[in-house]
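# Observations on the model geometry
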Amino acid sequence: MRDLELQVRDAARTTAGHPGEIVQYSVYLEYTDDKKTSVPKWITMEADSDGGFQLRSDFENPDHAAQQIRRRSGIE
């Protein structure tokens, strides 16, 4: 996620001679159940800017199962 967030930051950042773009950035989380101890299984990141920058990435939380166990055991 960090690499994708850096792309959004770079699009919005003002640099010498180049004004930053106005970026609409959204992150959507998909859970496997409605329990308050649940962690997201899928993550969608989207960004569009007034200067043409676009990003869309869907990916599975690679540590989902372990995070669920830790969270429900009260470790996290």
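Keep in mind it's a predicted model, so treat the numbers as computed, not measured.

A count of helices and strands for the chain gives two helices and three strands. Along the chain direction, N to C, the helices and strands of the chain fall in the order α-β-β-β-α. For 76 residues, the compact-globule estimate of 2.2 N^0.38 gives 11 Å, and the chain exceeds it by more than 25% at 16 Å. With the C-alpha coordinates of the chain rotated into their principal frame, the extents come out at 50 × 20 × 20 Å. The proportion of buried residues among the 76 residues of the chain is 26%. Contacts in the chain between residues at least 24 apart in sequence constitute 38% of all its contacts with a sequence separation of at least 6. Accessible area for the chain stands at about 5500 Å²; split by element, carbon and sulfur atoms hold 50% of it. Computed over 10 positive and 14 negative side-chain charges, the separation of the two mean positions in the chain equals 9 Å.

On to a nonpolar patch on the surface. The grouping of Tyr25, Val27, Leu29 and Tyr31 at the surface amounts to a nonpolar patch, some 340 Å² of accessible area in total. Following the sequence through the fold, Leu29 ends up in strand 1 (residues 23-30). Classification of Leu29 as partly exposed rests on a relative accessible area of 43%.

Turning our eyes to something else, we now look at the pairing of strand 3 (residues 54-60). Moving residue by residue along a regular strand, the side chains alternate between the two faces of the sheet. As judged from the seven bridges shared by strand 2 (residues 42-49) and strand 3, these two strands associate in the antiparallel manner. Looking across to strand 3, one finds that Glu46 is bridged to Arg56. Counted along the chain from strand 2 to the antiparallel partner strand 3, the turn is four residues long, and its residue Gly52 has a positive phi close to 105°.

Cut-offs applied
Residues numbered from 1 in each chain as written. Predicted model: local features only at pLDDT ≥ 70, side-chain atom pairs only at ≥ 80, totals over all residues. Heavy atoms only, no water. Helix = DSSP H or I, 4+ residues; strand = E, 2+ residues; numbered from the N terminus. Rg over C-alpha atoms; globule rule 2.2 N^0.38 Å. Buried < 20%, exposed > 50% of the residue type's maximum accessible area, 1.4 Å probe, protein only. Contact = heavy atoms within 4.5 Å. Areas by Shrake-Rupley, 256 points an atom, 1.4 Å probe, with all protein chains shown as cover. Lys, Arg positive; Asp, Glu negative; His and termini not counted. Charge placed at Lys NZ, Arg CZ, Asp CG, Glu CD. Patch = residues over 30% accessible without salt bridge, like charges linked within 9 Å, V, L, I, M, F, W, Y side chains within 5 Å. Salt bridge = Lys/Arg side-chain N within 4 Å of Asp/Glu carboxyl O. Pairing = 2+ DSSP bridges.

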